[in-house]
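# Analysis of the macromolecular model
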Amino acid sequence: MDAFRQEIIVGAVAVYMVFCVLTGLWAMRRTHNTSDFFIAGRGLGPIVVALALFSSTLSGFGFVGGPGLVYSIGVSSFWMVVISSTGYAIGFFLVAKRIRMIAELRDCISLPDIVAARYGSQSVRFMIAVTIVLGVMGYLATQILAMAVVMQAILSGTATFANISLVTCVVISSAVLIFYCVTGGIIASVYTDVVQGAIMIVAGTLILFTAVNVFDGGMQEATSIILADDAEAVMPYGAAGMLASLGWFFVFGLGLAGQPHLITKMMMNKEMADNRTILPMSLFGYVMAALLWISIGIVMRAAVIDGVVPPLALPDDAASVFLSVFTNPLLAGVVFAGLFAAIMSTSDAFLNIGTAAIIHDIPKSIRGKSINNELFWARVVTIILAIVAASFALYSHYRDATLVAILGAFGWGTFAAGIFPVVAVGLNWKGATVAGAVTAISAALLINFVTQLAGVTFPYGVSGQLAAFVTSMVLFIGVSLVTKKPVLDSDINRMMDI
Amino acid sequence: MRSKLIYIIFVVGVLMAAILITIIVAENVPNSGGAAHPEIAGLQIGGDGAARMEYIGTLGLAFHCLLLVQIILLSLLGVSERYRSNGLIAYMGGTLVFMLLVAWQMYSGHQQFLETDETGYFLGFPTATAWATYGTWIGAIPLILIYSIGFRKYIYTPEDEKKYNELLAEKTELMEQQ
């Protein structure tokens, strides 16, 4: 079977891509208006929402960058994963009920719609929409580039596609993504997410069993090897140190409830009461899939230190080298399909919210009304956004490698710092004001941009993202407390009493 | 406490900011955020753990504890004020104690290792790391449980559902009139 390793992997990925295209065609028949296109008409069942929620959380970063980070900095990177139970809990306590209620009450189709309804302010809508567009560009470009790089690595191992270029891989992978997003909108997106989520759970579980058996002494032997080389790397705070780890706890834990591509999914369930089952199901899926992140990273670090595997050219090669050295071809095929699933499930969510911000929210905040024929323009802008992000990814890859990295890193931290206080806290506190929201979003954008662009680093691994998040939280509440108490619209006031 | 929750959240936030500033301006030690592995390119090492914790260890622990307090407070904020009963507050308090215990076990276990250079193992990881890995994951499970099991009691009660449906009906009626 090993002789056909590449063919099996290519076959698994090809089957997965064909499935995505077919789902797009199926979903097109169910997409009649912008509500269907952006929020699936608020008619999804709990299993679909749960799988869509967790698969959108775990992007290509989780399957490629995650194991690479554990390989590089040890246990520090665990803190992006083990806080998931906290993150999901906070997200559901603070956001799930209220966002679903406002969405139905005001017929909202996007997060900026929700914010505009809550604060009665077009300025806040505009700032959230701009934040989303900025973050989406970086995220999307990172995902498309990751997808193309992995595809090139897989195809170049076959005789037929040995010399395939990165540009061709960007075109193929983007074409599949664009096709099912344009035809089926969020309906295609969430139903592909279901299969994507299932693949990720299977991949994570199988990889854990494989990883545990790489060393005769199991995971304990792997961690012992790391401990003997550098104890701090496998101690609770890892090589990056205590504050870097706690910073990730803060930004990834609390910040999960500020990620627009995730909390938008909380608007889509049919029944409010479904939230009580969606939460544990999402967490279960995430934990199972994230086992891959931790187990591959630890085993590869130990394997390299022990001389079982030569040092990797790049930390991000950890997953692909693990798959080629330690797994059988069938499992490698499933995991590579899972990798594409992880990347695409996040990319389609970003395409969706980015498009909504561009065609729905920014025009509405400037002109006071939506553009005509939103569904048509949603499809057009989805294509344009994906092409711009793909071009941006290629430009960055060949001309300025830092661009995508900067915007990619900018994304999660900015969403966390800019959106969490305004949405998660603001939906539960009547005293939150427009001035507080504008100040918090401005501070989040400013601190994140300055620290990223200027490459500002703080001692002890304190990140700019953490500084931005803590600052925006304090400013949001502080400014709201000292500004005039807002008068809420009657329906919003009554909704917030529930 | 019930109606002053946002003030407590604000104070905790300010304290966290103050600790962060204190850490940033504290005396730094070389490679406090890690350093390149001397032999293997692409790997980072932590190096001298005791030196890295010397000036900020207690502050880091305090930041961690405040973060856990903030998580519990924010979870309570997500529950309507009238449902923040003594029973719920006691449950949330118990959850916080459990989370603080996990944080203390990982911190003290790490300190103990730095002093003795010895560690036990639990499910594949050094004991302190096992607390961080499994403990942090499990620490928030009581929050998940109370949300799921107590959904109809604390989050969205039958009374809430009735009020919300009335609100929706009024809204629909108003739109039809327009």
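Our structure is the block above this text.
Read on for a plain summary of the structure. Just so it is clear, the model here is predicted, and its values are computed rather than measured. (Residues numbered from 1 in each chain as written. Chains lettered and ligands numbered in written order. Predicted model: local features only at pLDDT ≥ 70, side-chain atom pairs only at ≥ 80, totals over all residues. Heavy atoms only, no water.)

Right, let's get into the side chain of Thr355(A). All names here are of chain A. Secondary-structure assignment places Thr355 in helix H15 (residues 329-367). Within polar-contact distance, the side chain of Thr355 engages the side chain of Thr382 at 3.3 Å. For Thr355, the contacting residues outside a window of four places in its chain are Phe38, His360, Ala378, Val381, Thr382 and Leu385. (Helix = DSSP H or I, 4+ residues; strand = E, 2+ residues; numbered from the N terminus. Polar contact = N/O pair within 3.5 Å; in protein donor to acceptor, adjacent residues only side chain to side chain. Contact = heavy atoms within 4.5 Å.)

Our focus in this paragraph is the nonpolar core. Formed by 249 residues in total, the largest nonpolar core has its most connected members in Phe420(A), Val422(A) and Phe476(A). For this core, the element with the most residues is helix H8 (residues 166-212) of chain A, which contributes 20 residues. Beyond its immediate sequence surroundings of up to four residues, Phe420(A) is in contact with Ile90(A), Leu94(A), Leu254(A), Ala257(A), Gly258(A), Phe415(A), Val425(A), Phe469(A), Met473(A) and Leu74(B). Phe38(A), Ala356(A), Ile359(A) and Ala378(A) belong to the second-largest nonpolar core, a separate cluster that totals eight residues. (Core = buried A, V, L, I, M, F, W, Y, C linked by side-chain atoms within 4.5 Å. Buried < 20%, exposed > 50% of the residue type's maximum accessible area, 1.4 Å probe, protein only.)

Attention now moves to the pattern of salt bridges. Per the stated rule, a full pass over the model turns up 12 salt bridges over all chains. Glu159(B) is paired through a salt bridge with Lys163(B); the nearest N and O atoms lie 3.5 Å apart. With Glu159(B) and Lys163(B) both in helix H8 (residues 158-177) and four residues apart, the pair spans about one turn of that helix. Salt bridges sharing partners connect three or more residues here, namely Arg106(A), Asp489(A), Asp491(A) and Lys171(B). (Salt bridge = Lys/Arg side-chain N within 4 Å of Asp/Glu carboxyl O.)

Each partner contributes to the interface: chain A provides 86 residues, whereas chain B provides 83 residues. In total, about 7300 Å² of surface goes out of reach between chain A and chain B, with carbon and sulfur atoms giving 74% of it. By the criterion of area lost to chain B, the three top residues of chain A are Phe93(A), Tyr460(A) and Ile498(A), representing 13% of everything that side buries. Residue Arg52(B) is joined to Glu232(A) by a salt bridge in which the shortest nitrogen-to-oxygen separation is 2.9 Å. Between chain A and chain B we count 25 residue pairs in polar contact (both at pLDDT 80 or more) in total. Tallying contributions element by element places helix H5 (residues 84-106) of chain A first for the side of chain A that touches chain B, with 16 residues. A breakdown of the residues in the side of chain A that touches chain B according to their chemical character gives 60 nonpolar, 13 polar and 13 charged. (Buried area = accessible area lost by both parts, 1.4 Å probe. Nonpolar A, V, L, I, M, F, W, Y, C, P; charged D, E, K, R; others polar.)

What follows concerns the side chain of Asp160(B). Locating Asp160(B) in the fold gives a position in helix H8. Asp160(B) gets classed as buried once you look at its relative accessible area, which sits at 0%. Separated by 2.9 Å, the side chains of Asp160(B) and Tyr83(B) make a polar contact. Excluding anything up to four places from it in sequence, Asp160(B) contacts Lys97(A), Ile498(A), Arg82(B), Tyr83(B) and Ile155(B).

Our focus in this paragraph is the environment of Ala18(B). Here Ala18(B) is to be found in helix H1 (residues 5-25). Expressed as a C-alpha distance, the spacing of Ala18(B) and Glu161(B), which sit 143 residues apart in the sequence, is 42 Å.

Here we come to the packing of aromatic side chains. Two descriptors summarise a pair of aromatic rings, namely the distance from one centre to the other and the angle between the planes of the rings. Counting across every chain of the model gives 20 aromatic pairs over all chains. Here the aromatic rings of Phe93(A) and Tyr147(B) are separated by 5.3 Å at their centres, their planes lie at 70°, and the arrangement is edge-to-face. Taken together, the residues span two chains, with Phe93(A) in helix H5 and Tyr147(B) in helix H6 (residues 141-149). Overall, the relative accessible area of 4% leaves Phe93(A) in the buried class. By the ring-pair criterion, three or more aromatic residues cluster together here, those being Phe92(A), Phe93(A), Tyr147(B), Phe151(B) and Tyr156(B). (Phe/Tyr/Trp six-rings, centres within 6.5 Å; stacked < 30°, edge-to-face > 60°.)

All names here are of chain B. Compared with an ideal rise of 1.5 Å per residue, which puts 21 residues at 30 Å, H1 spans 31 Å between its outermost C-alpha atoms and is within 8% of the ideal. Looking only at H1, the buried set comprises Leu5, Ile6, Ile9, Val12, Gly13, Met16, Ile19, Leu20 and Ile23. For H1, the buried positions fall inside an angular range of 145° around the axis, keeping them on one side. In H1, those exposed residues whose orientation departs by more than 90 degrees from the buried face are Ile21 and Val25. (Expected span 1.5 Å × (residues − 1). Arc of directions from axis to C-beta.)

All names here are of chain A. Positive phi, close to 50°, is recorded for Asn373, a residue that is not glycine. Here Asn373 is to be found in the loop between H15 and helix H16 (374-398). Non-glycine residue Tyr460 carries a positive phi angle of around 60°. Examined against the element boundaries, Tyr460 turns out to sit in the loop between helix H18 (434-453) and helix H19 (464-482). Given the relative accessible area of 2%, Tyr460 is considered buried.

The interhelical angle for the contact between helix H20 (residues 490-497) of chain A and H8(B), taken along N-to-C directions, is 165°, at an axis separation of 10 Å. One finds that H20(A) runs roughly antiparallel with respect to H8(B). In terms of crossing hand, the pair formed by H20(A) and H8(B) is left-handed. Between H20(A) and H8(B), the contacting residues are Asp491(A), Arg494(A) and Met495(A) on the first element and Leu167(B), Glu170(B) and Lys171(B) on the second. Of the residues belonging to the contact of H20(A) with H8(B), the class tally is two nonpolar, no polar and four charged. (Axes fitted to C-alpha atoms, helices over the stretch in contact; angles between N-to-C directions. Parallel < 35°, antiparallel > 145°, perpendicular 65-115°, else oblique. Left-handed = near helix turned anticlockwise from the far one by under 90°.)

On to the packing of H8(A) against H16(A), then. Residue and element names in this part refer to chain A. Interaxial distance between H8 and H16 falls to 10 Å at its minimum, and their mutual angle equals 160°. Classified by the angle their axes make, H8 and H16 are roughly antiparallel. Judged by the twist between their axes, the crossing of H8 over H16 is right-handed. Of the residues in H16, those in contact with Leu166, Val167, Val170, Ser174, Ile178, Cys181, Val182 and Thr183 of H8 are Arg379, Thr382, Ile383, Ala386, Ile387, Ala390, Leu394, His397 and Tyr398.

We now examine a nonpolar patch on the surface. Taken together, Tyr91(B), Phe98(B), Leu101(B), Ile138(B), Ile141(B), Leu145(B) and Ile149(B) make up a surface patch of nonpolar side chains, about 600 Å² in accessible area. Among the secondary structure elements, those contributing two or more residues to the nonpolar patch are helix H4 (86-116) and H6 of chain B. (Patch = residues over 30% accessible without salt bridge, like charges linked within 9 Å, V, L, I, M, F, W, Y side chains within 5 Å. Areas by Shrake-Rupley, 256 points an atom, 1.4 Å probe, with all protein chains shown as cover.)

All names here are of chain A. Mapping Ala349 onto the fold places it in helix H15. The class of Ala349 is buried, set by a relative accessible area of 1%. Ala349 sits 156 residues away from Asp193 along the chain, and the two C-alpha atoms are 9.5 Å apart. What Ala349 contacts, discounting residues up to four positions off in sequence, is Ser56, Ser189, His261 and Lys265.

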